[in-house]
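The residues making up each chain are set out below.
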Amino acid sequence: MNKAITAALTAICCFTATAGNFKLTCNIDGLVPGDTVVCDHYQLIKFHTLHTDTVPVTEASKAVIATDVDNPCEMIVRIYRNGEMLHNCHSGEQLFAMPGETLTLSSSTGLLGSAEISGGIYDNPAVQEYLKEENAYAKSKISIYKQIERYCDADADSVKKYSDLYNANRPGERLMNLRKKLCMETNDNIFGALLYISHIFQVTASELEKRIAEYSPEIQSSYPGKVMKDHLAVLRNTETGATPRNFTLIDKDGNSHSLTDYRGHCLMLLNWGMCPGTFWANPRIVPLYEKYHCKGFDILGLTDTDWKKTEYYGSDEYLTEQIDSLAAHKWPTVYKENPANAYIDDELYLPGVPFAILISPEGKVIARGFYNEIEDTLKATLEQLP
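No experiment lies behind these values; they were computed from the predicted model shown.

*Asks:* So what exactly am I meant to see when it comes to the sheet that holds strand β17 (residues 365-370) here?
*Replies:* What holds strands together in a sheet is hydrogen bonding between their backbones, with the strands either parallel or antiparallel. The sheet built from five strands is open, its strands ordered β15-β14-β13-β16-β17 with mixed pairing. In the strand order of this sheet, the two ends are held by β15 (333-335) and β17, each with one partner. Strand-to-strand twist of the sheet, defined as the mean angle between neighbouring strand axes without regard to direction, takes the value 15 degrees. Across five bridges, the pairing between strand β13 (residues 266-271) and strand β16 (residues 355-359) is antiparallel. Within β16, the position partnered with Leu-270 by the bridge is Ala-356. Relative to strand β14 (residues 297-303), helix α9 (residues 276-292) is tilted by about 145 degrees, and along the sheet it contacts β13 and β14. Where helix α12 (residues 371-383) meets the sheet, it contacts β13, β14, β16 and β17, and its direction lies at approximately 150 degrees from that of β17.

*Asks:* Would you take a moment to explain the pattern of salt bridges for this structure?
*Replies:* Two side chains that carry opposite charge are able to pair once their charged atoms sit near each other. This structure, assessed with the given rule, holds 15 salt bridges. For Lys-46, the salt bridge goes to Asp-346, with nearest N and O atoms at 3.5 Å. On the criterion of sequence distance, the pair formed by Lys-46 in the loop between β3 (36-42) and β4 (49-56) and Asp-346 in helix α11 (residues 343-348) is long-range, its members being 300 residues apart. One salt bridge in this structure joins Arg-211 and Glu-214, with 3.1 Å as the shortest N-O distance. Placement of the pair is Arg-211 and Glu-214 together in helix α6 (residues 205-214), with a separation of three residues, close to one helical turn. The exposure class of Arg-211 is buried, given its relative accessible area of 1%. For Glu-214, a relative accessible area of 30% gives the class partly exposed. What emerges from the salt-bridge pattern is a single network uniting Glu-129, Glu-133 and Arg-174.

*Asks:* What is the right way to look at the environment of Ser-108 in this model?
*Replies:* By the secondary structure assignment, Ser-108 is in strand β9 (residues 102-108). Measuring from C-alpha to C-alpha, the distance between Ser-108 and Cys-26 comes to 9.7 Å, with 82 residues separating the pair along the chain. Apart from the residues lying within four places of it in its own chain, the contact partners of Ser-108 are Ile-28 and Asp-29.

*Asks:* Mind showing me how you'd approach unusual backbone geometry here?
*Replies:* Across residues other than glycine, the phi torsion is negative in most instances, and most of the peptide bonds are trans. Geometrically, the link from Val-353 to Pro-354 is a cis peptide bond, its omega value of -10 degrees lying close to zero. Phi at Phe-47 is positive, roughly 60 degrees, even though this residue is not glycine. In this fold, Phe-47 is placed in the loop between β3 and β4. One non-glycine residue with positive phi stands out, namely Tyr-349, at about 55 degrees. In this structure, Tyr-349 sits in the loop between α11 and β16. The class for Tyr-349 is buried, based on a relative accessible area of 8%.

*Asks:* How should I be thinking about the packing of α6 against helix α8 (residues 223-238) in this particular structure?
*Replies:* Helices that pack against each other are described as a pair by the angle of their axes relative to one another and the distance between those axes. In contact at an axis separation of 9 Å, α6 and α8 are set at 160 degrees when each is read in the N-to-C sense. On the basis of their axis angle, the class for α6 and α8 is roughly antiparallel. Crossing geometry of α6 relative to α8 is assigned as left-handed. Along the contact surface, α6 presents Ala-205, Leu-208, Glu-209 and Ile-212, while α8 presents Met-228, Lys-229, His-231, Leu-232, Leu-235 and Arg-236. Grouping the amino acids of the contact of α6 with α8 by side-chain chemistry returns six nonpolar, one polar and three charged.

*Asks:* What should I look at first to understand the packing of α9 against helix α10 (residues 317-327) in this one?
*Replies:* α10 packs onto α9 with a crossing angle of 45 degrees between their chain directions and a minimal axis gap of 11 Å. By the criterion of interaxial angle, the relationship of α9 to α10 is oblique. Crossing handedness for the pair α9 and α10: left-handed. When α9 is examined against α10, the residues Thr-278, Phe-279 and Asn-282 are found in contact with a partner set consisting of Tyr-318, Leu-319, Gln-322, Ser-325 and Leu-326. Class assignment for the residues of the contact of α9 with α10 results in four nonpolar, four polar and no charged.

*Asks:* What am I meant to see in the sheet that holds β9 here?
*Replies:* In space, the four strands of this open sheet follow the order β5-β2-β9-β10, with mixed pairing throughout. The sheet is open, and its two edges are formed by β5 (62-67) and β10 (116-118), each paired on a single side. Shown here is a sheet whose adjacent strand axes are inclined to one another by a mean of 15 degrees, direction ignored. Note: strand β2 (residues 22-29) against β5, six bridges, orientation antiparallel. Bridge pairing in β5 places Asn-27 opposite Lys-62.

*Asks:* Would you mind showing me how to read the confidence of the model for the protein chain here?
*Replies:* Should the pLDDT be low somewhere, the predicted coordinates at that spot are not to be read in detail. Counting all residues, the mean pLDDT for the protein chain is 92, and 95% of those residues have values of 70 or more. Per-residue pLDDT stays below 50 along residues 1-18; that stretch engages in 38 contacts with residues further than four places along the chain or on separate chains.

*Asks:* Sorry if this is basic, but what is going on with the pairing of β4 here?
*Replies:* Walk down a regular strand and you will see the side chains alternate between the two sheet faces. With seven bridges joining them, β3 and β4 adopt antiparallel strand pairing. In the strand pairing of β4, Val-38 is matched with Thr-54. Where β3 folds back onto β4 in an antiparallel hairpin, the turn is made up of six residues, including Ile-45, whose phi is positive at roughly 70 degrees.

*Asks:* Explain the state of the cysteines to me, please; I cannot follow it from the model alone.
*Replies:* The tally for this structure, following the rule as stated, stands at zero disulfides. In this model Cys-39 remains outside any disulfide bridge; the closest cysteine sulfur is found in Cys-26, 7.5 Å from its own. Given the relative accessible area of 0%, Cys-39 is considered buried. For the unlinked cysteine Cys-73, the closest cysteine sulfur is that of Cys-39, found at 7.8 Å.

Calculation rules
- Residues numbered from 1 in each chain as written.
- Predicted model: local features only at pLDDT ≥ 70, side-chain atom pairs only at ≥ 80, totals over all residues.
- Heavy atoms only, no water.
- Pairing = 2+ DSSP bridges.
- Helix = DSSP H or I, 4+ residues; strand = E, 2+ residues; numbered from the N terminus.
- Axes fitted to C-alpha atoms, helices over the stretch in contact; angles between N-to-C directions.
- Contact = heavy atoms within 4.5 Å.
- Salt bridge = Lys/Arg side-chain N within 4 Å of Asp/Glu carboxyl O.
- Buried < 20%, exposed > 50% of the residue type's maximum accessible area, 1.4 Å probe, protein only.
- Parallel < 35°, antiparallel > 145°, perpendicular 65-115°, else oblique.
- Left-handed = near helix turned anticlockwise from the far one by under 90°.
- Nonpolar A, V, L, I, M, F, W, Y, C, P; charged D, E, K, R; others polar.
- pLDDT = per-residue confidence, 0-100.
- Disulfide = S-S within 2.5 Å.

Have a look at this one:
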């Protein structure tokens, strides 16, 4: 994977951050000259990359990112050394950025993902109380993950032991209550609104409508408030029981597929990408398609690009095998990078991979969620096909 990461880092459209309306000072123990700090800006909810800042490290333990932030957004700060991303169980430190603010991030290279953050919207007692508990939980995950790495090449029993511990490690009651207070009970805190948005994939249309009405007029009229109102219309279009508006997508071979073309069929819109979840789900979905396609089960596979044309293909034997398997699907594949398929991002809201929307022969949404969440519903639906 080293060559792939290096190529991706080199090829990405970047900005060297030296000036702007937002400043982030990173005090990170273990950071050394020659490292690179990469800061990706992501659009709220859709999580599209807005732009990327890169800062070559010239001073031990410190990097300063001064950049432009047009609207509140999510950021992930990552560290690269010799072309490889440093990581633990987190790929970086995630935070919220507001135009005009100055923040300070304090951590170490081995604990990125559990950093202390201060300044701007973070200088609020309730926010700091939440972050303290969140960081304690993150550090516990990192500690277990380090044990998995320690034994991964030598002791399968220890790997299983710590993997089970890692999977069983869930947020404590205090953390969940603090998160709930900020997300659901505090109506005038912009950080709380941004935190709510970051968990919005779990929210139904009726829940979102109620939450918007509870916010203060200032939050409702803010950029995050507008984003939530726009998202409400999207959820209403694709929530369980809804009849989505007709759309037409263009597959990789140039063929068009309209939702109305599949009336009378059970259709699954399957969003997939390069991740372990997709690799797990694929061999579970293919047999279902082979068994039930003749009875009216169809799939439209949605993915970012032709993965055979990316740096991942050929860089790693396992990844190459997975890409070959995914490219061999007998159902149509739609590339989201095609401008003709903008409807996918604008109207469907697919918050991750593998994420699916299951549509009945009558054109109504039966279920939506990550594949492991909707698999039982899918199987039950397919068993009822004539």
